[in-house]
Amino acid sequence: MTAVASATATIWNKHMRKFLMNTEELFGTMIQPILWVALFGLGMRGVMGAGGTMNTANYIGFMLPGIVALSAMGGAIGGGMTWLDERVRGILKEYLVAPVPRGSILFGNAASTVTKASIQAVVIFIVGMLLGARPSGGLFEWLLAVVLMIAYALGFSGLALSVASQTDDLMAYHAMIMLLNLPVLFLSNALYPLASMPSWMRVGAMANPTSYLVDGLRQLLLIEPGQVSDFPLWLCAVVVLAFAAAGLALAAKSISAKTARG
Amino acid sequence: MSEGSSTTGLQLKAIEVRNLTKVFAGDVRALDRLSLSVDPGTIYALLGPNGAGKTTAISIMTTLARPTDGAARIYGKDVITSGKNVRKNIGVTFQEMILDDALTGRQVLTYHGRLYRMSRNDCRSRAKELLDLVDLTVAADRKCKTYSGGMKRRLELARALMTVPKVLFLDEPTLGLDPSGRVQIWEYIQTLVKESDLTVLLTTHYLDEAYQLADKVGILDRGRLVVEGPPDRLIDELGADTIMISGYGPKEDLVKKLKTLQFVQMASAVDDGLLLGVESSSKNLAGIVSETLKCGFKIEDVFVSKPDLGMVFAKYTGHILEKGEKE
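Predicted model, so just to flag it, every value in this text is computed and none were measured. (Residues numbered from 1 in each chain as written. Chains lettered and ligands numbered in written order. Predicted model: local features only at pLDDT ≥ 70, side-chain atom pairs only at ≥ 80, totals over all residues.)

1. A look at the overall build of chain B
Piece 1. Summing up its helical and strand segments, chain B has 11 helices and 16 strands in all.
Piece 2. Principal axes of the C-alpha set define a box for chain B whose edges measure 75 × 50 × 40 Å.
Piece 3. Taken over 327 residues, chain B has a buried fraction of 45%.
Piece 4. For chain B, contacts bridging at least 24 residues in sequence account for 70% of all contacts bridging at least 6. (Helix = DSSP H or I, 4+ residues; strand = E, 2+ residues; numbered from the N terminus. Buried ≥ 20, exposed ≤ 12 C-beta atoms within 10 Å, placed from the backbone. Contact = placed C-beta atoms within 7 Å.)

Okay, here's the thing in structure tokens:
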């Protein structure tokens, strides 16, 4: 186990170092969630208020969990790209001829994805608070929220790694990911309340683990008086944790197929 | 096979390969009963054209691929059953350049060491030492995407040495380099072997590379080892001079006939002609030409030279190893 931990830490460290050395990526990663919260949040605030579905001041708070999910997704997509790139460029071979347990290739990648998503989540919350969101919650709520966010990021990271294992072509990977990306964000309760959707969309949103992360985070940190949650908190936790397990299992299967010694 | 069979004589072989066979899907036989052994502290070169099976052989010895049949051992450890142990003790460079080029040269080395669980301090000092050895100290903190091809190759060599391996595998170590870059890499390899107990197995399709570096050369053709030995001995066996005759006509009878001549040490049919080893080209050439014409062989060209590994290759495989082969 220590061998796995050590190699995982090294791969994680390498990915993070590359991330911090890459000014453009670093800048983009930080700016994107800020733009989402500021532009989309402020723009939609008026619409949502005018529609009378919710109190105008709260929309920023309402959408923060969705942007956290979106950023985790973005980070996971990047993690898939790293895996694809390491495979295509042969860096995988460097791992395979080294005494590195194969599991650490998955864990190292997933860990760096989660780290980036967590940094983004912090930025999102800071920007959200500057724009008027007022998160509440005690230590337990915050801890559970962090666990849910990490689990969701892990699940998505697994999904992206698995998709990235299906092709050696970056463009094909992006095409496949985009197909996943849009419904995962828009077919959920991230940007509008479940209650305001047509029923067919609501079914889709209820099948989407993103909805459970978003609802869980809202209940834990951003609940407003009079606001109704979509699911019980325990269900949110179960679904998000199951998503993490499923995503990682899928990735483990794909990665082990790609690292089999021919 | 018992573990004991990996020791021949008194000394444990650094590399011991027995009947290694690799058949790919579609019945492509990349390796056909390859056997070889390499003594500790020596350089062995697998020489052969592209597609001869060199990379497949290295992939199996470095645990990247599994053989269909046969076995390979590194210091007595089986590459399949003791893969982890083997991986700890080898260093590898690949045919294609494999570098995380968003990292600096120093970072490439340090992360590599960390993957092998070297301590941070060891990584730091070893990286410094190796960067110095391959003359990359000045460029050490630049991202490797700014490096030239030769610098990248040198960094890869340093990376393979980072973990102080017992056996170093180099797959076409100078592929894509200009002549001065190649000579430089040769010098590093020779220095390393001289200064440590390092064993090197390298593959190459460059004759001069095999000749310059190797204590022992194995010629690989279509997955088979056709001959092996010290390069000088293989070359000496050809005779003092070689004569290459190209043209067309009945080759087999001619070869038989020429072999009966007393001054002909070696004669064999190659692609579009004959290869002969003789005592002295200046004295024997006329006799050979007249004998050849007598047999009804139409001569297009005659080429006289000192024997080299290319002639050895032609003798044993019946093919000319193209020198200007594209990569």
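2. A few points about the sheet that holds strand S11 (residues 216-221) of chain B
Residue and element names in this part refer to chain B.
Piece 1. Reading across the sheet, the 6 strands line up as S8-S9-S10-S5-S11-S12 and stay open at both edges, with mixed pairing between neighbours. Across the chains shown, the open sheet's two edge strands, defined by having one partner strand only, are strand S8 (90-93) and strand S12 (224-229). Direction aside, neighbouring strands of the sheet carry axes that sit 15 degrees apart on average.
Piece 2. Sheet topology note: the strand S5 (residues 43-47)/strand S10 (residues 199-204) ladder contains 5 bridges and is parallel. From the neighbouring strand, Leu46 faces S10, where its bridge partner is Thr203. (Pairing = 2+ DSSP bridges. Axes fitted to C-alpha atoms, helices over the stretch in contact; angles between N-to-C directions.)

3. A look at the pairing of S11 of chain B
Residue and element names in this part refer to chain B.
Piece 1. For S11, a buried count of 6 out of 6 residues is recorded, marking the element as mostly surrounded by other parts of the structure.
Piece 2. Relative to S11, S5 is paired through 4 bridges, and the arrangement is parallel. Within the sheet, the bridge partner assigned to Leu47 lies in S11 and is Ile219.
Piece 3. Direction of pairing for S11 relative to S12: antiparallel, over a ladder of 5 bridges. Bridge pairing in S12 places Asp221 opposite Arg224.
Piece 4. Count of turn residues in the S11/S12 antiparallel hairpin: 2 residues, of which Arg222 carries a positive phi of about 45 degrees.

4. As for the nonpolar core
Piece 1. In terms of nonpolar packing, the biggest core is built from 161 residues, with Ala72, Tyr152, Ala153 and Val240 of chain A together with Ala45, Ala210 and Leu309 of chain B touching the most fellow members.
Piece 2. Ranked by residues supplied to this core, first place goes to helix H3 (residues 59-88) of chain A with 15 residues.
Piece 3. Summarising the domain contributions, this core has at least three residues from each of domain 1 (3-232) and domain 2 (239-306) of chain B.
Piece 4. Those residues within four positions of Ala72 of chain A in sequence are excluded, and the remaining contacts are Ala117, Met149, Tyr152, Ala153 and Phe156 of chain A. (Core = buried A, V, L, I, M, F, W, Y, C linked by C-beta atoms within 7 Å. Domains from an automatic or database assignment.)

5. What to know about the sheet that holds strand S3 (residues 15-24) of chain B
Strands belonging to one sheet form pairs held by backbone hydrogen bonds; the direction of such a pair is parallel or antiparallel.
All names here are of chain B.
Piece 1. With antiparallel pairing, 4 strands are arranged side by side in an open sheet as S4-S3-S6-S7. Edge strands, defined here as strands with exactly one partner in the open sheet, are strand S4 (28-38) and strand S7 (77-78).
Piece 2. Relative to strand S6 (residues 69-74), S3 is paired through 5 bridges, and the arrangement is antiparallel. Across the sheet, Thr21 pairs through a bridge with Asp69, a residue of S6.
Piece 3. Its contacts with the sheet put helix H1 (residues 54-61) on S3, S4 and S6, and the angle it makes with S3 is roughly 120 degrees.

6. So, the environment of Glu195 of chain B
Residues and elements named next belong to chain B.
Piece 1. Among the secondary structure elements, Glu195 is positioned in helix H6 (residues 179-195).
Piece 2. Under the C-beta neighbour-count criterion, Glu195 is labelled exposed, with 9 such atoms within 10 Å.
Piece 3. Along the sequence, Glu195 and Val289 sit 94 residues apart, while their C-alpha atoms lie 50 Å from each other.

7. Section: helix H7 (residues 170-186) of chain A
Piece 1. Its 17 residues place the ends of H7 of chain A 24 Å apart at the C-alpha level, agreeing with the 24 Å of an ideal helix rising 1.5 Å per residue.
Piece 2. Listed in full, the buried residues belonging to H7 of chain A are Tyr173, Ile177 and Val184 of chain A. (Expected span 1.5 Å × (residues − 1).)

8. A short note on H1 of chain B
Residues and elements named next belong to chain B.
Piece 1. Extensive coverage of H1 is indicated by the burial of 8 of its 8 residues.
Piece 2. Regarding H1, the residues found buried are Lys54, Thr55, Thr56, Ala57, Ile58, Ser59, Ile60 and Met61.
Piece 3. Of the residues one or two after H1, Thr63 is the one with positive phi, at around 70 degrees.

9. Some words on unusual backbone geometry
Residues and elements named next belong to chain B.
Piece 1. For Val164, which is not glycine, the phi dihedral falls at a positive 50 degrees.
Piece 2. Among the structural elements, Val164 can be located in the loop between helix H5 (149-161) and strand S9 (167-171).
Piece 3. A tally of 14 C-beta atoms within 10 Å means that Val164 is categorised as partly exposed.

10. Side note on the pairing of S3 of chain B
Residues and elements named next belong to chain B.
Piece 1. Sheet topology places S3 next to S4; 7 bridges connect them, and they run antiparallel. From the neighbouring strand, Val17 faces S4, where its bridge partner is Leu36.
Piece 2. The turn linking S3 back onto S4 is made up of 3 residues, and Gly26 within it adopts a positive phi angle of 85 degrees.

11. As for the domain arrangement of chain B
Piece 1. Domain boundaries in chain B define domain 1 (3-232) and domain 2 (239-306).
Piece 2. Each of domain 1 of chain B and domain 2 of chain B was reduced to a C-alpha centroid, and the two centroids are 39 Å apart.

12. Some details on the confidence of the model for chain A
Piece 1. Looking at chain A, pLDDT values average 89 and 95% of them are 70 or higher.
Piece 2. Per-element mean pLDDT across chain A ranges from 82 in helix H2 (residues 23-50) of chain A up to 95 in helix H10 (residues 233-258) of chain A. (pLDDT = per-residue confidence, 0-100.)

13. Looking at the interface of chain B and chain A
Piece 1. Contact with chain B, which involves 22 residues of that partner, is made by 20 residues of chain A.
Piece 2. Looking at the side of chain B that touches chain A, the elements that each hand over two or more residues are helix H2 (83-88), S8 and helix H3 (105-115) of chain B.
Piece 3. A per-element tally of the side of chain B that touches chain A places H3 of chain B first, with 4 residues.
Piece 4. Here the side of chain B that touches chain A is built from residues that sort into 11 nonpolar, 3 polar and 8 charged. (Nonpolar A, V, L, I, M, F, W, Y, C, P; charged D, E, K, R; others polar.)

14. Some remarks on the environment of Asp101 of chain B
Residues and elements named next belong to chain B.
Piece 1. Structurally, Asp101 can be placed in the loop between S8 and H3.
Piece 2. Put simply, Asp101 and Asp69 are 32 residues apart on the chain and 37 Å apart in space, counted from C-alpha to C-alpha.
Piece 3. Excluding its chain neighbours within four sequence positions, the residues that come into contact with Asp101 are Lys143, Cys144 and Lys145.

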